[in-house]
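Take a look at the letters that make up each chain.
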Amino acid sequence: MNRTILVTGIVFGGLAVVLGAFAAHGLEALLKPDQIETFETGVRYQMYHALLLLLVGGLQQIPAPQKKWVYWSLTAGILLFSFSIYALATNTLTAFDFKVIGFITPLGGVLLILGWVVFALRVMRYVK
């Protein structure tokens, strides 16, 4: 489980760097400043939670099976929160209206919060 958590954190972190660079250099001419800012919010939250996954995966005091809820909450939260923000920020570039899936963003946010809460509970129980 630790390896899966670490690899997922690495992939999300690397992807956040790529998407951040893409927003700064590839989307700058295509989107309004507020859309770029929205996109960058998704990147920022993705990176924060990628770093958290690296921390979770590296903590040896918490048994790997006890990390599953944290892992799944954070992974699903990143996918739903950040990726829906990317879609919403670039909505004007596609024929599909991503605003119809806007309800996914807060659901992703709730999962990210849940990941933090479960992580805190695991730390309080296992880390001395």
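What this report covers is the structure whose coordinates are included nearby. (Residues numbered from 1 in each chain as written. Predicted model: local features only at pLDDT ≥ 70, side-chain atom pairs only at ≥ 80, totals over all residues. Heavy atoms only, no water.)

Now for the overall build of the protein chain. A tally of helices and strands in the protein chain yields four helices and zero strands. In sequence order, the secondary structure elements of the protein chain are arranged as α-α-α-α. Principal axes of the C-alpha set define a box for the protein chain whose edges measure 50 × 25 × 20 Å. Looking at the protein chain residue by residue over its 128 residues, the buried ones come to 41%. Put simply, 80% of the contacts in the protein chain that link residues at least 6 apart link residues at least 24 apart. Computed over 9 positive and 5 negative side-chain charges, the separation of the two mean positions in the protein chain equals 25 Å. (Helix = DSSP H or I, 4+ residues; strand = E, 2+ residues; numbered from the N terminus. Buried < 20%, exposed > 50% of the residue type's maximum accessible area, 1.4 Å probe, protein only. Contact = heavy atoms within 4.5 Å. Lys, Arg positive; Asp, Glu negative; His and termini not counted. Charge placed at Lys NZ, Arg CZ, Asp CG, Glu CD.)

Attention shifts here to the packing of aromatic side chains. Summed over the entire model, instances satisfying the criterion amount to six aromatic pairs. Judged by centre distance (5.2 Å) and plane angle (55 degrees), the ring pair of Tyr45 and Phe81 falls under tilted. With a gap of 36 residues between them, Tyr45 in helix α2 (residues 33-58) and Phe81 in helix α3 (residues 68-89) connect regions that are remote in the sequence. Taking the relative accessible area as the measure of exposure, Phe81 reaches 13% and is therefore buried. (Phe/Tyr/Trp six-rings, centres within 6.5 Å; stacked < 30°, edge-to-face > 60°.)

A few words on the side chain of Gln35. Looking at where Gln35 falls in the secondary structure, it is placed in helix α2. Here the side chain of Gln35 touches Lys32 through a polar contact of 2.7 Å, landing on its backbone nitrogen. Ignoring any residue separated from it by four or fewer positions in sequence, one finds Gln35 in contact with Ala89 and Thr92. (Polar contact = N/O pair within 3.5 Å; in protein donor to acceptor, adjacent residues only side chain to side chain.)

Here we take up the environment of Ala24. Mapped onto the fold, Ala24 is located in helix α1 (residues 2-26). With twelve residues separating them along the chain, Ala24 and Ile36 place their C-alpha atoms 7.8 Å apart.

Nonpolar side chains in soluble globular proteins generally cluster together in the buried interior. Counting residues in each nonpolar core, the largest one holds 17 residues, and the members touching the most others are Leu53, Val56, Val70, Leu74 and Phe119. At the level of elements, α1, α2, α3 and α4 (104-126) are the ones that each hand at least two residues to this core. Tallying contributions element by element places α3 first for this core, with six residues. With sequence-adjacent residues up to four places away left out, Val56 is seen in contact with Ile5, Lys67, Val70 and Phe119. (Core = buried A, V, L, I, M, F, W, Y, C linked by side-chain atoms within 4.5 Å.)

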